[in-house]
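Observations on chain architecture
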Amino acid sequence: MTGTSGLDGQIRTITIAKGIGIILVVIGHYYPNQCPLYWELIRKFIYGFHMPLFLMLSGYLFSKYHDTQKLNLSFLKKKFTRLIIPFISIAIIAFVIKYFVGQFYTLRHPVSVNSFLSIFITSKGTYFPLLWFLYSLFIIFMIYPIFNLVLRSKYLIFFVSILLLFINWPRYFYLNHVFVSFPFFCFGALFPRQVDFDTLENKKLIYLLLVGIVLLIFTYFFAMPFIEDLLYIKVTKLIIGISGSLTVISLAAILNKGLNLNYFLYFIGFYSMSIYLLHTIFSSSVSIINYQILKTNYFIIPALFGIMIGILLPLLLEIHVLRKYHFTRKFILGLSSTGSISLDTKRYINEA
């Protein structure tokens, strides 16, 4: 693994948090029809905060390293390359793979001409659901500077983003995802001025970690089941997403202070984009082999194997193939730069 000395402490913590987060994403997306009840409960728990975490980290990086006071067209061009081009490429690749596999095996999300066309218009019933994140994040990068220009206060933007949750946004052009995600991004944008996890003592970090865990568990298990009003559900989900994300970031900061596990999580976190885009293609193949070819009823061993290859194969594919060729760098990874892999701060920020 490449050394990390070029990265400041905050970036290391954020990357480790991404590593933890992407492992949770892969676990949450392993969902064969035959999964047991306990796995469904684990998935639902993870789903409460695994994507809010990435949105908060994106807001943090954007606020810390970019000028949020103006709509920077050069920045948006980079984000279009990083997010929308892979959105289109992966949509095409997934369609082709699922079309041919679907001729022989049953898929959870089958494809059709209509589903291919609709994936660019709406999030409803898509054959590759995880692409919503790329589209929504790009829109958020577009609208946040506008909110900042008008409101001129990150606290006020966060408050307005919460109010926007109460609007019943349509699914067209992923607006429902955009405005459900927006508060998490805005909350993360508050961090650079308020919290520096790397200067906090371990005792305070552990305290923050425990508070996050208690708040997460209490809200998820003791409040959420008894709330029926849709508006209160949205607010409760916001609390769950924020408390869960803070828990993961606190854990990442603790790990960044010396535990050997941090190198493994850091490495995975750096390649989290490829893992996010490609993991279901690999992990779902384990389900097909296990249940439809071998016709077994085993779950936990295939699940662990599916999660493992869902993490490792996209990572290895990026290192040994996707980053080596200009075409794959641009159209699958969304990277415009060339050259060897480097984990220095400047390149990391350009690729984050």
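Sequence positions are assigned chain by chain, starting from 1 and proceeding in written order. In view of the model being predicted, local features appear only for residues whose pLDDT reaches at least 70, and side-chain atom pairs are presented and counted only at 80 or more, with totals across whole chains, interfaces and linings using the full set of residues. Side-chain metrics in this entry use all non-hydrogen atoms of the structure; hydrogen atoms and water are not considered.

**Brief notes about the overall build of the protein chain**
- By the criteria applied, helices consist of DSSP H or I runs no shorter than four residues and strands consist of E runs no shorter than two, each listed in order from the N terminus. Scanning the protein chain for helices and strands turns up 16 helices and zero strands.
- Evaluated residue by residue, the protein chain yields a buried proportion of 52% over its 352 residues.
- Contacts in the protein chain between residues at least 24 apart in sequence constitute 78% of all its contacts with a sequence separation of at least 6. With a 1.4 Å probe rolled over the protein chains alone, any residue whose accessible area is under 20% of its type maximum counts as buried; one over 50% counts as exposed, and the rest are partly exposed. Contacts were defined at the residue level, with two residues in contact if any of their heavy atoms lie within 4.5 Å.

**Describing helix α8 (residues 175-189)**
- A helix is expected to span 1.5 Å for every residue after the first. Helix length check: α8 (15 residues) gives 20 Å between terminal C-alpha atoms against 21 Å at 1.5 Å per residue, within 8%.
- Here the bend at a residue is taken as the angle between two axes, fitted respectively to the seven residues that end there and the seven that start there. Remark: the principal bend of α8, roughly 35°, maps to F182, with a proline, P183, within the next four residues.
- The complete set of buried residues in α8 reads N176, V178, F179, S181, F182, P183, F184, F185, C186, F187, G188 and A189.

**Side note on the packing of aromatic side chains**
- Each Phe, Tyr or Trp ring (for Trp, its six-membered ring) is paired with any other whose centre lies within 6.5 Å, and the angle between the two planes then decides the class: stacked below 30 degrees, edge-to-face above 60, tilted in between. In the structure shown here, the tally under the stated rule is 34 aromatic pairs.
- Ring geometry for F116 and F120: centres 5.5 Å apart, planes at 85°, overall edge-to-face.
- Classification of F120 by relative accessible area gives partly exposed; the value is 27%.
- With a centroid separation of 5.5 Å and an interplanar angle of 85°, the aromatic rings of F141 and F185 are classed as edge-to-face. In this pair, F141 is assigned in helix α6 (residues 132-151) and F185 in helix α8, connecting sequence segments 44 residues apart.
- Judged by relative accessible area, F141 falls into the buried class, the value being 4%.
- Put simply, the rings of F62, F75, F141, Y144, F147, W169, F179, F182 and F185 pair up and form one aromatic cluster.
- Stacked on the ring of Y31, the Lys or Arg R43 has its end atom at 3.7 Å from the ring centre. Our definition puts a charge over a ring when NZ of Lys or CZ of Arg is within 6 Å of the ring centre and also within 35 degrees of the ring normal.

**Re the environment of K124**
- Structurally, the position occupied by K124 is in the loop between α5 (113-118) and α6.
- Between the C-alpha atom of K124 and that of Y172, which follows or precedes it by 48 residues, the distance is 8.4 Å.

**A closer look at the environment of S287**
- Mapped onto the fold, S287 is located in helix α13 (residues 272-293).
- The exposure class assigned to S287 is buried, which follows from its relative accessible area of 13%.
- Taking the C-alpha atoms as reference points, S287 and N33, separated by 254 residues in sequence, lie 9.0 Å from one another.
- Residue contacts for S287: discarding those within four places in its chain leaves Y30, P32 and Q292.

**Side note on unusual backbone geometry**
- Phi at F173 takes a positive value of approximately 55°, unusual for a residue other than glycine.
- With respect to the element layout, F173 can be found in the loop between α7 (154-164) and α8.
- Residue classification places F173 among the partly exposed residues on the basis of a relative accessible area of 45%.
- For K295, which is not glycine, the phi dihedral falls at a positive 55°.
- Its location among the elements puts K295 in the loop between α13 and α14 (300-322).
- Overall, K295 belongs to the exposed group, its relative accessible area being 63%.

**Details of the packing of helix α3 (residues 50-65) against α6**
- A fitted line through C-alpha atoms serves as each axis, taken over the contacting stretch for helices, and the angle formed by two N-to-C directions is quoted from 0 to 180°. Following both chains from N to C, one finds α3 and α6 inclined at 35°, their axes separated by 12 Å at the closest point. Judged by the sense of rotation from one axis to the other, the crossing of α3 with α6 is right-handed. Contact residues: M51, F54, L55, S58 and F62 in α3; W132, F133, L137, I140, F141, Y144 and P145 in α6.
- Under the scheme applied, nonpolar residues are Ala, Val, Leu, Ile, Met, Phe, Trp, Tyr, Cys and Pro; charged residues are Asp, Glu, Lys and Arg; polar residues are all the others, including Gly. Per-class residue counts for the contact of α3 with α6 are eleven nonpolar, one polar and no charged. We call a crossing left-handed when the near helix sits turned anticlockwise from the far one by less than a right angle, and right-handed when that turn is clockwise.

**Points about the confidence of the model for the protein chain**
- pLDDT measures how confident the predictor is about each residue, on a scale from 0 to 100. Per-residue pLDDT for the protein chain has a mean of 84; in total, 87% of the residues score no lower than 70.
- Considering only residues more than four positions removed or in separate chains, one finds that residues 1-6, a stretch of pLDDT under 50, has ten contacts.

**A closer look at the pattern of salt bridges**
- Should a side-chain nitrogen of Lys or Arg be within 4 Å of a carboxyl oxygen of Asp or Glu, the pair is scored as a salt bridge. Under the defined criterion, the tally for this structure stands at one salt bridge.
- The closest approach of N and O atoms between E318 and R323, which form a salt bridge, is 2.5 Å.

**Some details on the nonpolar core**
- In terms of nonpolar packing, the biggest core is built from 101 residues, with L131, F133, F182 and Y276 touching the most fellow members.
- When neighbours within four sequence positions are excluded, F133 is seen to be in contact with M51, F54, L55 and Y276. Note on terminology: a nonpolar core comprises buried Ala, Val, Leu, Ile, Met, Phe, Trp, Tyr and Cys residues joined through side-chain atoms within 4.5 Å.

**Overview of a nonpolar patch on the surface**
- Taken together, the side chains of I206, L210, I213, I217, F218, F221 and F222 define a hydrophobic patch exposed on the protein surface, amounting to about 660 Å² of accessible area.
- With respect to the element layout, F222 can be found in helix α10 (residues 202-223).
- On the basis of relative accessibility, which here comes to 54%, the residue F222 falls in the exposed class. Patch membership requires over 30% relative accessible area and the absence of a salt bridge. Like charges are linked within 9 Å, and nonpolar side chains (Val, Leu, Ile, Met, Phe, Trp, Tyr) within 5 Å. Here the accessible surface of atoms and residues is derived via Shrake-Rupley with a 1.4 Å probe, and residues count as covered only by protein chains that are part of the display.

**Some points on α13**
- The end-to-end C-alpha distance of α13 is 30 Å, a good match for the 32 Å that 22 residues give at a rise of 1.5 Å each.
- One or two steps after α13, the chain reaches K295, where phi turns positive at roughly 55°.

**As for the side chain of N176**
- Secondary-structure assignment places N176 in helix α8.
- Under the relative-accessibility criterion, N176 is labelled buried at 16%.

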